[in-house]
Amino acid sequence: LYYHQHNTTDILQKKITFFLESIRTRFHVRTNLFDEHFIQRVTSISGVSEIQVRELFTEIGRLQHYITTHDNDLKKLEQLMWEFNQNSKR
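Quick look at the structure, then. Small disclaimer: the values here were computed from a predicted structure and weren't measured.

Parameters at a glance
- Residues numbered from 1 in each chain as written.
- Predicted model: local features only at pLDDT ≥ 70, side-chain atom pairs only at ≥ 80, totals over all residues.
- Heavy atoms only, no water.
- Helix = DSSP H or I, 4+ residues; strand = E, 2+ residues; numbered from the N terminus.
- Rg over C-alpha atoms; globule rule 2.2 N^0.38 Å.
- Buried < 20%, exposed > 50% of the residue type's maximum accessible area, 1.4 Å probe, protein only.
- Contact = heavy atoms within 4.5 Å.
- Lys, Arg positive; Asp, Glu negative; His and termini not counted.
- Charge placed at Lys NZ, Arg CZ, Asp CG, Glu CD.
- Salt bridge = Lys/Arg side-chain N within 4 Å of Asp/Glu carboxyl O.

So, about the overall build of the protein chain. A tally of regular secondary structure across the protein chain gives 5 helices and 0 strands. Against the compact-globule benchmark of 12 Å for 90 residues, the protein chain has a radius of gyration of 13 Å, which places it among compact chains. Principal-axis analysis of the C-alpha atoms places the extent of the protein chain at approximately 40 × 25 × 20 Å. Counting across all 90 residues of the protein chain, residues that qualify as buried make up 39%. Long-range contacts, defined here as pairs at least 24 residues apart, represent 58% of the contacts in the protein chain between residues at least 6 apart. With 12 positive and 11 negative side-chain charges, the protein chain shows a separation of 6 Å between the mean positions of the two kinds.

In structure tokens, the structure reads:
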């Protein structure tokens with residue numbers, strides 16, 4: 001439905017919400033603050049490189065505060081999430 005209405009911002013917010021819930025469930029970490037401790041913990045547990053983890057959560061943090069987003073934002077976020085999930089050992 002959101003794709004048909006071309007509502008990128010709603011799609012992004014729902015994807016972020018779902019992904020963060022997945023992180024909370026899989027890694028048992030809080031996702032309300034993407035600080036240095038959080039980045040190190042997710043890196044350690046997931047086995048994904050720190051650079052990749054940092055890029056993903058920097059992008060999520062950036063997009064969470066946008067009122068309007070574009071297709072390129074959605075594509076980039078989807079790619080980063082996909083890469084994280086592919087490389088994660090959990």
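For the rest of this paragraph, the subject is the pattern of salt bridges. Side-chain pairs of opposite charge can arise where the charged atoms are in close proximity. If you walk through the whole model with that rule in mind, you get 7 salt bridges. The shortest N-O distance in the salt bridge between E59 and R62 comes to 2.5 Å. Taken together, the positions of E59 and R62, both in helix 4 (residues 50-64) and 3 residues apart, correspond to about one turn of that helix. Residue E59 is classed as buried on the basis of its relative accessible area of 5%. Given the relative accessible area of 30%, R62 is considered partly exposed. Between E59 and K76 there is a salt bridge, and its shortest N-O distance comes to 3.6 Å. Here the residue E59 occupies a position in helix 4, and K76 occupies one in helix 5 (residues 71-87), the gap between them amounting to 17 residues. Because the salt bridges share partners, they merge into one network encompassing E59, R62, D73 and K76.

In short, the description is geometric, and any link to function would need to be established separately.
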